[in-house]
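# Residue-level structural notes
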Amino acid sequence: MMFTAPADEKELQAALSQADERTYLIAGGTDLLIHLQNRKETDCSFIDLTKVKELQGIREEKDWIDIGALVTMTELCASPLVKEELRALYLAAYHLGSEQIRNRATLGGAISNASQSSDCSVVLFAYGALVEIFSARGERRKVPMDQFITGREKTCLDRGEAVSRILIPRQERSSMFGKVGARKAVTIAKINCAMDFRMEEGLIQKASIYLGAVGVKPVEARLLENYFQGKSFAEIALQDVQELGKEEVEKAIPTRPSRFYKRVAVQGLLEDMIGALP
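Residues numbered from 1 in each chain as written. Predicted model: local features only at pLDDT ≥ 70, side-chain atom pairs only at ≥ 80, totals over all residues. Heavy atoms only, no water.

### Here we look at the overall build of the chain
Along the chain, the regular secondary structure elements total twelve helices and 14 strands. When the backbone C-alpha atoms are referred to their principal axes, the chain occupies close to 55 × 45 × 30 Å. Of the contacts made within the chain by residues no fewer than 6 positions apart, 60% connect residues no fewer than 24 positions apart. Here the chain displays about 13,500 Å² of accessible surface, and carbon together with sulfur accounts for 48% of that area. Charge-centre separation for the chain: the mean point of 37 positive side chains lies 5 Å from the mean point of 39 negative side chains. (Helix = DSSP H or I, 4+ residues; strand = E, 2+ residues; numbered from the N terminus. Contact = heavy atoms within 4.5 Å. Areas by Shrake-Rupley, 256 points an atom, 1.4 Å probe, with all protein chains shown as cover. Lys, Arg positive; Asp, Glu negative; His and termini not counted. Charge placed at Lys NZ, Arg CZ, Asp CG, Glu CD.)

### Digging into the sheet that holds strand E6 (residues 130-135)
Taken together, five strands build an open sheet; the order of strands is E4-E5-E10-E6-E7 and the sheet is antiparallel. Pairing within the sheet leaves two strands with one partner each, and these edge strands are strand E4 (58-60) and strand E7 (140-144). Strand-to-strand twist across the sheet, computed as the mean angle between neighbouring axes with direction ignored, equals 25°. Contacts from helix H1 (residues 9-17) reach E6, E7 and strand E10 (161-169) within the one sheet, and its direction differs from that of E6 by about 70°. (Pairing = 2+ DSSP bridges. Axes fitted to C-alpha atoms, helices over the stretch in contact; angles between N-to-C directions.)

### Brief notes about the pairing of strand E11 (residues 173-181)
For E11, a buried count of seven out of nine residues is recorded, marking the element as mostly surrounded by other parts of the structure. The pairing of E11 with strand E12 (residues 189-200) spans nine bridges and is classified as antiparallel. Residue pairing for E12: Met 176 is matched across the bridge by Met 195. (Buried < 20%, exposed > 50% of the residue type's maximum accessible area, 1.4 Å probe, protein only.)

### Some words on the sheet that holds strand E3 (residues 45-48)
Ordered by their spatial adjacency, three strands build an open sheet running E1-E3-E2, and the pairing between neighbours is parallel. Pairing within the sheet leaves two strands with one partner each, and these edge strands are strand E1 (3-4) and strand E2 (23-26). Of the pairings in the sheet, the one linking E1 to E3 comprises two bridges and is parallel in character. Across the sheet, residue Phe 3 finds its bridge partner in E3, namely Phe 46.

### Section: the nonpolar core
One finds Leu 89, Phe 148, Phe 197 and Phe 228 to be the most contacted residues of the largest nonpolar core, which totals 72 residues. No other element matches the seven residues that helix H8 (residues 119-127) contributes to this core. Discounting chain neighbours no more than four positions away, the residues touching Phe 148 are Ile 111, Ser 112, Val 131, Ile 133, Val 143, Lys 154, Thr 155, Cys 156, Leu 157 and Val 163. Core analysis: the second largest hydrophobic core is formed by twelve residues, Ala 27, Leu 49, Ala 136 and Ala 162 among them. (Core = buried A, V, L, I, M, F, W, Y, C linked by side-chain atoms within 4.5 Å.)

### Comments concerning the environment of Leu 130
Position of Leu 130 among the secondary structure elements: in strand E6. Separated by 128 residues in sequence, Leu 130 and Met 2 have C-alpha atoms that sit 31 Å apart. Beyond its immediate stretch of four places on either side in the chain, Leu 130 contacts Trp 64, Lys 142, Val 143, Pro 144, Arg 165, Ile 166 and Leu 167.

### Quick notes on the packing of aromatic side chains
Tallied over the entire structure, the rule returns six aromatic pairs. Relative to Phe 228, the ring of Tyr 227 has its centre 5.7 Å away and its plane inclined at 80°; by these criteria the two rings are edge-to-face. Classification of Tyr 227 as buried rests on a relative accessible area of 15%. Look at Phe 228 and you get buried, because its relative accessible area is 0%. In this structure an aromatic cluster arises from ring pairing among Phe 197, Tyr 227, Phe 228 and Phe 233. In this structure, Lys 231 is placed above the aromatic ring of Tyr 227, and the distance from its NZ or CZ to the ring centre is 4.1 Å. (Phe/Tyr/Trp six-rings, centres within 6.5 Å; stacked < 30°, edge-to-face > 60°. Lys NZ or Arg CZ within 6 Å of the ring centre and 35° of its normal.)

Pasting the structure below:
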């Protein structure tokens, strides 16, 4: 077993170059420790990312909001920039787990875990975010979020690579997130949804809508996107949205028994989300 705690990207590069198939990257550890326990793995090594300064902080740039992979859910919620411009991400972070979990869980860790019910992942899909990846060769590459997650708990990360930052394009937007779980709080989503609207003169110029927990990764809700296109929020008819939501669930999971529950749950979810739009 080896434990390494690099302090910067140069040391991280060296640590990644020594990584093998039994080396795990750890930040908050809220998902990884559960996986290791379930798999009964003990003979493994860790690279602790928490001290790598280049992976920290939220940066405001002209065209992007640049979020370090180590930024926690608590830090996202405390950021005025996130709360003002990325409402859906703020809500996803705010409703993720308990306060203790939010203090530890990181954005980079959440997307790298690639859970099919991940709240943050469905939001980043809707935002069209880019994932910056740092390699053992000291190289960086940027991958669209919908290509970063390749399947259930699978990503495009190769051995010797780590998520370094998440880039979200800035625009005049209105965004929303919601989920349905077994409880009102501290719950894993049975179904979740993120909406991102590019606005111009009060009209929706482009709608980006994704549903989570209805596939191995977030599913684009094209029927809903087409419905919202060109409308003002005042023109949205809740019943039409709910019917389209049912169709989206049926299309995504036509043979799964859970579709009976989820096509009902999505109607209540969409009602809450539409009611919260400005």
